[in-house]
Amino acid sequence: MDLNVVRRRLEAAEASLSPYAARTATSRGRKRPEAPSPLRTEYQRDRDRILHTKAFRRLKHKTQVFIAPQQDHFVTRLTHTLEVAQVARTIARALNLNEDLAEAAALGHDIGHGPFGHAGEEALAECLPEGFRHNYQSVRVLDRLENGGRGLNLTFEVLDAIEKSSKAREDIFAEGWGVPVTLEGQVVKTADAIAYLNHDILDAIRAGIITEADLPDSTQRLLGRSHGERLDALICDIVEASWAATGAGRDPVIQFSPAIRDAANELREFMFRRVYLYDETRREAERGKRIVKFLFAHFVEHPEGISPDYSLPGDPVERRAADYVSGMTDRYAIRLASSLGCPDAIGWHV
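This structure is a prediction, so every number in the text was calculated from the model and none was measured.

Undergrad: Just give me the short version of the pattern of salt bridges, but keep the residues and values in it.
TA: Under the counting rule described, the total for this entry stands at 32 salt bridges. A salt bridge links Glu-103 to Arg-47; its shortest N-O distance comes to 3.5 Å. Highlighted residues: Glu-103 in helix H5 (residues 99–108) and Arg-47 in helix H2 (residues 42–51), separated in sequence by 56 residues. Residue Arg-47 is classed as buried on the basis of its relative accessible area, which comes to 19%. Here the salt bridges share partners, and the residues they tie into one network are Arg-40, Arg-47, Asp-48, Arg-89, Arg-93, Glu-99, Asp-100 and Glu-103.

Undergrad: Can you break down the side chain of Asp-143 residue by residue, with the values?
TA: If you trace the backbone, Asp-143 turns up in helix H7 (residues 134–149). Residue class for Asp-143 comes out buried when judged on its relative accessible area of 15%. Those residues in contact with Asp-143 that lie beyond four places of it in its chain are Lys-31, Arg-150, Gly-151 and Leu-159.

Undergrad: Would you mind going over the layout of surface pockets in detail, with residue names and values included?
TA: Where empty space is left can be seen by rolling a probe of water-molecule size over the atoms. Of the voids in this model, the largest pocket is the one considered here, and its volume is about 950 Å³. If you trace the largest pocket, you find 41 residues lining it, with Gln-64, Val-65, His-118, Phe-272 and Tyr-276 closest to the centre. Mapped by element, the contributors of at least two residues to the lining of the largest pocket are helix H4 (77–94), helix H6 (117–127), helix H9 (183–206), helix H12 (258–276) and helix H13 (279–301). Of the residues belonging to the lining of the largest pocket, the class tally is 17 nonpolar, ten polar and 14 charged.

Undergrad: So, the environment of Gly-228: which residues are in play, and what are the values?
TA: Its location among the elements puts Gly-228 in helix H11 (residues 227–246). In this structure the C-alpha to C-alpha distance between Gly-228 and Thr-182, which are 46 residues apart in sequence, comes to 28 Å.

Criteria and thresholds
- Residues numbered from 1 in each chain as written.
- Predicted model: local features only at pLDDT ≥ 70, side-chain atom pairs only at ≥ 80, totals over all residues.
- Heavy atoms only, no water.
- Salt bridge = Lys/Arg side-chain N within 4 Å of Asp/Glu carboxyl O.
- Helix = DSSP H or I, 4+ residues; strand = E, 2+ residues; numbered from the N terminus.
- Buried < 20%, exposed > 50% of the residue type's maximum accessible area, 1.4 Å probe, protein only.
- Contact = heavy atoms within 4.5 Å.
- 1 Å grid on protein atoms, 1.4 Å probe; cavity = no way out; pocket = protein on both sides within 12 Å on 5 of 7 lines; lining within 4 Å.
- Points joined across faces, edges and corners; volume = space filled by probe spheres on them.
- Nonpolar A, V, L, I, M, F, W, Y, C, P; charged D, E, K, R; others polar.

See below:
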């Protein structure tokens, strides 16, 4: 049997997708040409390559909101990523877009996050002259650092969706770091917000920071009064509103209806004020930032300690130190900093 028949069947199935969907046949391709897989489309190959990286495995011990939690049910960067992939696939499937592209980008979108979540990102941004953004680092990890410094040679569309997945605070749909060129990339950008808003509420309730009753009345009326109701309301609305837009003769766009967009942004701002910037949360975050800065300074002074698996030997030492430290899990960063005498890490049990 000619196994390439399988790939051709999969590519033929893409012809039945929405005219606005991304397709293997119209992909801008890879930087280095490769022979096609007999069993998978190009976006399926990208998904599998991301899934098998060491960087993806390390997400299980990286912070989402609560640093190195002792309880089992708090969200980690890995479980967040899986939830984003699930939401993105549901939306893409409903809109007849390319699920494989959406899934690949979702699985890779946070792979460049350092230890301690956004606190670690802030610390590295303050250390590096050129700054540090987790979405750009995600592309760097996948395109340059993984696979022994050769990168994964992913398709343009997957890397573009990952690079532009991050959002500005003022609005879920603010351009932020760019608008993805594919609708699937736009789906992932929105699915990220849908996922983290909902699971971060559960974690904040679990941590005793808020209660369900504290959520704004207007968002409870429009989005529901439980985790499942909120997810259902947001996902159904984005499918309906986006579908209406694509059939109206305008350029297609992924969007909420105006009322749900306002409610989602109100809920997001509530989470910034009551959870993400909460004093206790920020105290731990600042402690994590000091650990990241300590480790960065240590490896700038002692570059011989930088693992060659997580940096490129020809890069400036500051870039190599940032790559190495950003690849660490919370637990590893705390243990290593403690062993090196960092006051903030000593006594932090993980």
